[in-house]
Amino acid sequence: SPQKRSNLINKLLNSPGYTMGMYNWLADMLRIKDDYGKGARAFLYEDWLKDQIAMNVPWNAVVRDMLTADGKLNQNGAAGFLLRDAQMPLDGVSNLLTTFLGANVSCAQCHDHPFSDWSQHDFYSIAAYFGATDGFHENVFRKSRMLLKSEELASVNKFVLGQILTPNAYNLIDLPKNQLKFPLDYKYKDAKPGQLTTPSLIRWSDTSDNIPAYDVAKESSDQLRNQFADWMIHPENPRFAAAIANRMWKKVFGLAVQEPVTDIDDLSLASNQELLKQITTYMKQAQFD
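Just so it is clear, the structure is predicted and the values come from calculations on it, not from any experiment.

Parameters and conventions
Residues numbered from 1 in each chain as written. Predicted model: local features only at pLDDT ≥ 70, side-chain atom pairs only at ≥ 80, totals over all residues. Heavy atoms only, no water. Helix = DSSP H or I, 4+ residues; strand = E, 2+ residues; numbered from the N terminus. Contact = heavy atoms within 4.5 Å. Disulfide = S-S within 2.5 Å. Axes fitted to C-alpha atoms, helices over the stretch in contact; angles between N-to-C directions. Parallel < 35°, antiparallel > 145°, perpendicular 65-115°, else oblique. Nonpolar A, V, L, I, M, F, W, Y, C, P; charged D, E, K, R; others polar. Pairing = 2+ DSSP bridges. Patch = residues over 30% accessible without salt bridge, like charges linked within 9 Å, V, L, I, M, F, W, Y side chains within 5 Å. Areas by Shrake-Rupley, 256 points an atom, 1.4 Å probe, with all protein chains shown as cover. Salt bridge = Lys/Arg side-chain N within 4 Å of Asp/Glu carboxyl O. Expected span 1.5 Å × (residues − 1). Buried < 20%, exposed > 50% of the residue type's maximum accessible area, 1.4 Å probe, protein only.

1. Topic: the side chain of Arg 225
- Examined against the element boundaries, Arg 225 turns out to sit in helix α10 (residues 224-233).
- The residues contacting Arg 225, other than those within four sequence positions of it, are Leu 67, Thr 68, Ala 69, Asp 70, Leu 82, Tyr 129, Phe 130, Thr 133, Leu 172 and Asp 174.

Right, dumping it as structure tokens:
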């Protein structure tokens, strides 16, 4: 058959083996874990991601769903991504910027980055898009633990009951407005300690003023995560397509065009700038398939 090669490719791409192979790769990238603490299982999140792979949902759509999801860990699989760091939300923002944009911002969470252009003000300005999001509810968690220890439920299997009750504390909701403030030990002149942050999108040194991606983000407290997601996955975001194309290249060939994949702030450092530019174009042309 003259179609035997394409038929084999399609057979492999539609196989359970491909889904699991790709899932294992993404699970590493997204830092997926089974247990979020005290019996709160993330199995629904894992199953959701496997389904996205099996259905060939585009990468930009998968990322947008994870960034805009609402609901509980045991009700909405897509919510599992943000709930992964619900008890340390600033760490979560740092990790998602590194994962999806290859932005080297981790140091800027505590102080101006000593080796990159990111300032602490930059970090808190972008983190403000998640300043109206609450994911871990301490009061619900505390009540669940008290209920588990109550005499009324002494005869009930505590492991099973914990799996039922604990996930209720992990619940993504949006508050009426951004509540993120600069830390009390903030030491730079561009903001005051304890001052309320203003959401602002980060720009790289090569970011021009007329990029369409930045037009989608208008400050509105009740839609902050949605606005951030629209900017993040936009085809003209300066780094989103490049980051996943670079990671895919490493998956296939063992070495990324630009290493490390977690820091592509300066695209001129790529081993082959034209190649990175070309595979980024391919990713956009394929609509993130």
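2. Re the state of the cysteines
- The full count for this structure, using the stated rule, is 0 disulfides.
- For Cys 107, which is in no disulfide, the shortest distance to another cysteine sulfur is to Cys 110 and amounts to 8.1 Å.

3. A short note on the packing of helix α6 (residues 89-101) against helix α11 (residues 240-253)
- At a minimum axis separation of 7 Å, α6 and α11 run at an interaxial angle of 70°. Classified by the angle between their axes, α6 and α11 sit roughly perpendicular to one another. Across the interface between the two elements, Thr 98, Thr 99, Phe 100 and Leu 101 of α6 pack against Phe 240, Ala 243 and Arg 247 of α11.
- Here the contact of α6 with α11 is composed, by residue class, of 4 nonpolar, 2 polar and 1 charged.

4. Quick look at the pairing of strand β3 (residues 170-174)
- For strand β1 (residues 71-72) and β3, the ladder comprises 2 bridges, and the chain directions are antiparallel. Pairing of Lys 72 across the sheet is with Asn 171, part of β3.
- Here strand β2 (residues 133-136) runs beside β3; their pairing, made up of 3 bridges, is antiparallel. Note on β3: the bridge partner recorded for Asp 134 is Ile 173.

5. Notes on a nonpolar patch on the surface
- On the surface, Phe 159, Val 160 and Ile 164 cluster together to form a nonpolar patch covering roughly 290 Å² of accessible area.
- You can see Phe 159 is positioned in helix α9 (residues 158-165).

6. What to know about α11
- The end-to-end C-alpha separation of α11 is 20 Å, in line with the 20 Å expected for 14 residues at 1.5 Å each.
- Within α11 the residues assigned to the buried category are Phe 240, Ala 241, Ala 242, Ala 243, Ile 244, Ala 245, Asn 246 and Arg 247.

7. Points about unusual backbone geometry
- In this structure, the amide linkage connecting Glu 259 to the following residue, Pro 260, adopts the cis form with an omega of -10°.
- Its location among the elements puts Pro 260 in the loop between α11 and α12 (273-285).
- Even without a glycine there, the phi angle at Asn 56 is positive, about 55°.
- Counting through the fold element by element, Asn 56 comes out in the loop between α3 (43-54) and α4 (59-68).
- One non-glycine residue, Gln 287, adopts positive backbone phi at about 55°.
- The residue Gln 287 is located in the segment after α12 in this model.

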